[in-house]
Structure formats: structure tokens, C-alpha cells
Amino acid sequence: MRAIRKLISIILVSALLFMVGCSSVDNPGNANNSNQSNKIRIGVCFDSFVIERWQRDRDVFVSMAKDLGAEVNVQNANGDVATQKKQIDYFIEEQMDAIVIIAIDGYDLADSVEKAKDAGIIVVAYDRLICDANVDLYISFDNVRVGQLMGQALVDAGVTDSNVLMLGGSDLDNNVTLVESGFRGVMELNNNTIVDSIHATNWKAEIASDYVRDNEEIVMNCSAIMCGNDNLASQVVPALSEMRMAGTTLVVGQDADLEACQRIVEGTQLMTVYKPVEHLAKRAAELTIMLIKERDISGEEGYQIINDGTFDIPYIALEPVMVTKDNMDEVIINSGFHLREDVYLNIPDKDE
């Protein structure tokens with residue numbers, strides 16, 4: 001009898017152990033943890049969100065990446081290079097699948113990129129080239145073309161054989177060099193003289209407006225001012241207003257910020273360059289995930305090779321669009337980039 005009871009006990013214990021073993025394999029929590037660890041993870045390092053457009057880039061990129069099944073961790077360096085390097089180190093420690101970088105200083109991140117690539121992480125330079133770094137992808141708009149459009153708008157408005165002032169963005173941003181080269185080319189072809197040029201450190205708009213106020217004689221002898229972006233123009237135009245020159249001294253910029261579009265329809269800014277950031281952010285998210293999955297992107301639209309100073313790297317170039325008062329509705333309103341009532345906020349009698 002004891003032998004039978006002992007046998008029954010052994011059978012019960014064995015059955016219990018078997019059930020416990022099965023439950024640990026089929027536990028939904030463990031399965032979720034496994035799926036979580038296999039999910040694509042992307043870290044994004046932003047320069048800052050001072051410039052209006054970066055907030056839009058962030059939202060579209062994150063939304064698109066999530067739709068494609070990826071998690072996104074966004075970090076904001078607030079314009080500080082040392083902080084951005086620490087954030088890249090953090091993403092490396094977290095073993096992200098990819099790091100997307102909007103570089104503050106395109107000439108000082110090569111070591112950080114190398115560290116990430118040595119860890120097997122895909123690195124994408126978003127909108128700003130990182131020089132001498134051999135990133136896996138650089139995606140941006142055709143920045144030389146941006147400068148050409150800015151220059152052409154001035155020429156179309158009658159600026160030839162004239163003096164022009166150039167108030168550029170940060171000289172640590174490689175895109176600034178490309179934009180200015182395109183702009184200078186158009187100026188030279190039309191006998192315009194760039195009488196002076198400066199660069200606004202960290203894209204600080206007050207540097208541009210201070211220049212205007214401190215150099216009134218130079219400004220008064222210029223027919224036009226090229227601003228590195230619309231944020232710089234947002235401070236330059238009020239400075240011109242103080243001198244009663246707003247609307248007569250032509251101002252061009254880029255990014256199609258809402259306030260810039262308002263200034264254009266009001267007549268205090270001639271044009272801006274619209275860069276459909278929704279398209280840029282979506283394509284960046286798509287291509288980053290393709291690279292993580294080791295898919296070939298060489299057949300993608302806009303694909304070309306660019307030299308970063310040391311390495312030939314993949315480059316996706318998107319086409320920018322000139323925006324003036326004449327095509328504001330067609331390009332900006334009809335695309336939904338800005339609402340009509342917002343653009344024409346200060347022109348209440350504008351026909352609906």
C-alpha cells in the first residue's frame with residue numbers, strides 16, 4: 001500500500017513540474033518581452049527645436065516609424081555639441097538599431113559616428129551632412145538648388161547689377177556652404193555684388209538683426225538681403241521696418257515657416273523655399289528601416305553618391321520648391337502645409 005501511495009506521489013509531482021514548465025514557455029508576459037526585444041529601435045538626435053520646422057520633422061518621422069513597427073527615442077541637444085555627443089553615446093549603450101542625427105556641428109561628429117558603426121549601428125545624417133564620417137545614408141534636399149532658387153527669385157524681381165547682402169546660418173552646418181554656393185552662382189551670372197556676408201552662430205536670429213542695425217549704411221546700399229533661413233528673416237524684417245526699408249529691400253529665406261508665409265503675402269518678404277519636410281521625414285524613416293533590414297536602397301528615387309570629404313556615401317536628394325505670393329495658395333495652402341486662414345491672418349479682406 002505504501003508503495004502504491006509513493007508511486008502516486010511521484011506521478012503527481014512529475015505532472016506538477018511538467019505543468020509549471022509548460023506555463024513558463026507559454027506565459028504571455030514572456031512572449032511580449034521577447035517581441036519587445038525584437039522590435040526595431042531608432043534613436044534620433046535633434047539639434048534643437050528653436051527652428052519651427054524641426055518640430056514638424058520630429059512628429060512625422062516618429063509617426064511614420066511607428067507605422068512601420070519601430071520605436072523611436074528622440075533626444076534634443078539644445079544646440080550644444082557636447083550634449084549631442086553624449087546622446088549618441090547613450091544610444092550606443094542602449095544598442096539602438098539605428099541613430100538618426102540632425103548635426104549641430106557637421107565637422108565634429110566623425111568620432112561619434114565611427115563609435116556607433118563599430119557597435120554595428122546604422123547611422124543616418126538627416127538634412128545636414130556629417131563630414132568625414134562615412135554615414136550609411138545622408139538624406140536632405142538639394143541644398144545647392146535651394147540657394148539657386150533664392151537667387152533666382154531676386155533676379156526675377158529685377159535684382160541685377162545690384163548690391164546684395166548675405167546673412168547666412170551657422171558655418172558649422174555644411175548645408176550653409178552648399179546653399180551659399182548656389183546663391184553666389186546666380187548672383188555672379190547676373191552681375192550682382194555680394195557686398196558683405198556673415199554667419200549666425202548656432203542660427204541665432206538676433207545676430208542677423210544686430211548686423212542690420214549696426215551696419216545701416218551697408219544695408220541702405222543693398223537692393224536685397226539673403227537670409228540663411230526664415231527664422232533669421234523673422235528678425236531681419238523688423239530691423240528693416242525700423243529703418244523704413246521693409247518691403248523695399250527684398251528679403252529671401254527658406255523653410256516656409258508660417259510667419260515667413262505671412263510676411264510674403266503682406267509684402268515684407270519676397271520668397272521662401274518650401275522643403276516638404278513631411279516627405280523628407282517619411283522617406284528618412286522608411287529608408288532607415290530598410291537599412292536596418294539590410295535592404296538595397298540604391299534603386300530608390302533621388303539616390304546618388306556624394307563625397308563627405310573623405311568617403312563616398314549614399315545620398316538621397318529631394319527637390320525644393322520656390323514660394324512667392326503668386327504660388328502661395330498652390331504650393332503651401334493646397335498641400336496643407338499651412339492653413340489658409342493662418343497664412344492670410346493679417347489680410348482679412350483676402351478673398352476666400
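Overview of the structure. Note that residues are indexed from 1 along each chain, following the sequence as it is written. The predicted origin of the model limits local features to residues at a pLDDT of at least 70 and limits the giving and counting of side-chain atom pairs to 80 or more, whereas totals for whole chains, interfaces and linings rest on all residues. With hydrogens and water excluded, all non-hydrogen atoms of the structure serve as input to the side-chain values.

## A few points about the overall build of the chain
So, step 1. Counting its secondary structure elements, the chain contains 14 helices and 13 strands.
So, step 2. When each of the 352 residues of the chain is scored for burial, the buried share is 49%.
So, step 3. Pairs of residues are marked as contacts when any of their non-hydrogen atoms sit within 4.5 Å. Of the contacts formed within the chain by residues at least 6 apart in sequence, a portion of 71% connects residues at least 24 apart.
So, step 4. Here the accessible surface of atoms and residues is derived via Shrake-Rupley with a 1.4 Å probe, and residues count as covered only by protein chains that are part of the display. As displayed, the chain offers around 16800 Å² of accessible surface, 48% of which is attributable to carbon and sulfur atoms. Secondary structure is summarised from DSSP: a helix means a run of H or I of at least four residues, a strand means a run of E of at least two, and numbering begins at the N terminus for each. When accessible area is computed with a 1.4 Å probe and restricted to protein chains, residues below 20% of their type maximum are described as buried, those above 50% as exposed, and intermediate ones as partly exposed.

## Section: the nonpolar core
So, step 1. Counting residues in each nonpolar core, the largest one holds 58 residues, and the members touching the most others are Ile-42, Phe-61, Tyr-126, Ile-139 and Leu-167.
So, step 2. When residues of this core are assigned to their parent elements, the largest contribution, nine residues, is made by helix H12 (residues 277–292).
So, step 3. Those residues in contact with Leu-167 that sit more than four places away from it in its chain are Ile-198, Ala-208, Tyr-211, Val-212, Ile-225, Met-226, Cys-227, Gly-228, Leu-232 and Val-236.
So, step 4. As used here, the term nonpolar core means buried Ala, Val, Leu, Ile, Met, Phe, Trp, Tyr and Cys residues forming a set that is joined through side-chain atoms within 4.5 Å. Counting residues in hydrophobic clusters, the runner-up holds 24 residues, among them Ile-88, Ala-103, Ile-121 and Ile-130.

## Here we look at the side chain of Asp-47
So, step 1. Structurally, Asp-47 is set in the loop between strand S1 (40–46) and helix H3 (52–67).
So, step 2. The exposure class of Asp-47 is buried, given its relative accessible area of 8%.

## As for the pattern of salt bridges
So, step 1. In what follows, salt bridge is the name for a side-chain nitrogen of Lys or Arg lying within 4 Å of a carboxyl oxygen of Asp or Glu. Under the criterion given, the structure shown has 16 salt bridges.
So, step 2. Its salt-bridge partner being Arg-128, residue Asp-173 comes within 3.0 Å of it at the nearest N-O pair. One end of the pair, Asp-173, is in the loop between strand S6 (163–168) and helix H7 (174–189); the other, Arg-128, is in the loop between strand S4 (122–126) and strand S5 (137–141), with 45 residues separating them in the sequence. Summarising the burial analysis for this pair, Asp-173 and Arg-128 share the class buried.

## What about the packing of H3 against H12?
So, step 1. Lines fitted to the C-alpha atoms define the axes, with helices restricted to the stretch that makes contact. Angles between their N-to-C directions range from 0 to 180 degrees. Orientation of H3 relative to H12, taken along the N-to-C sense of each, is 40°, at an axis distance of 8 Å. The angle between H3 and H12 falls in the class oblique. The hand of the H3/H12 crossing is right-handed. Along the contact surface, H3 presents Arg-53, Arg-56, Asp-57, Val-60, Phe-61, Met-64 and Ala-65, while H12 presents Val-277, Glu-278, Leu-280, Ala-281, Lys-282, Ala-284, Ala-285, Glu-286 and Ile-289. Each angle is binned into one of four classes, with values under 35 degrees roughly parallel, values over 145 roughly antiparallel, values of 65 to 115 roughly perpendicular, and all other values oblique. Each crossing gets its hand from how the near helix is turned against the far one by less than a right angle, where anticlockwise is left-handed and clockwise is right-handed.

## With respect to empty space enclosed by the protein
So, step 1. Within this scheme a cavity is a closed region of a 1 Å grid, computed over the protein atoms alone, that accommodates a 1.4 Å probe without allowing it to escape, whereas a pocket is open but has protein on both sides within 12 Å along at least five of seven lines; lining residues each have an atom within 4 Å of a point. Grid points are joined across faces, edges and corners, and a volume is the space filled by probe spheres set on the points. Applying the stated criterion across every chain yields a total of two cavities of 30 Å³ or more.
So, step 2. Considering only enclosed or pocket space, the largest cavity measures out at about 180 Å³ in volume.
So, step 3. Lining the largest cavity are 20 residues; nearest its centre among them are Asp-173, Trp-203, Gly-228, Gln-254 and Lys-275.
So, step 4. Broken down by secondary-structure element, the contributors of at least two residues to the lining of the largest cavity are H3 and H7.
So, step 5. In this classification, Asp, Glu, Lys and Arg are treated as charged, Ala, Val, Leu, Ile, Met, Phe, Trp, Tyr, Cys and Pro as nonpolar, and every other residue, Gly included, as polar. When the residues that make up the lining of the largest cavity are grouped by side-chain class, the tally is six nonpolar, seven polar and seven charged.
So, step 6. Each pocket or cavity is described by its volume, and for the second largest cavity that value is around 30 Å³.
So, step 7. Looking at the second largest cavity, the residues that line it are Val-44, Phe-46, Asp-57, Arg-58, Phe-61, Val-100, Ile-102 and Tyr-126.
So, step 8. Looking at which element gives the most residues to the lining of the second largest cavity, the answer is H3, with three residues.
So, step 9. Across the lining of the second largest cavity, the residue classes break down as six nonpolar, no polar and two charged.

## Details of the pairing of strand S3 (residues 98–101)
So, step 1. Burial along S3 is two-sided: Ala-98 and Val-100 and Ile-99 and Ile-101, pointing in opposite directions, are all buried.
So, step 2. Strands are labelled as partners when DSSP assigns at least two bridges between them. Note that S1 and S3 share four bridges and pair parallel. Counterpart to Val-44 in the pairing with S3 is Val-100.
So, step 3. Sheet topology places S3 next to S4; four bridges connect them, and they run parallel. Residue pairing for S4: Val-100 is matched across the bridge by Val-124.
So, step 4. Here, the term right-handed applies to a crossover whose path from the first strand over the helix to the second runs clockwise when the strands point away from the viewer. Once the chain exits S3 it traverses helix H5 (residues 110–118) before rejoining the sheet at S4, and the crossover so formed is right-handed.

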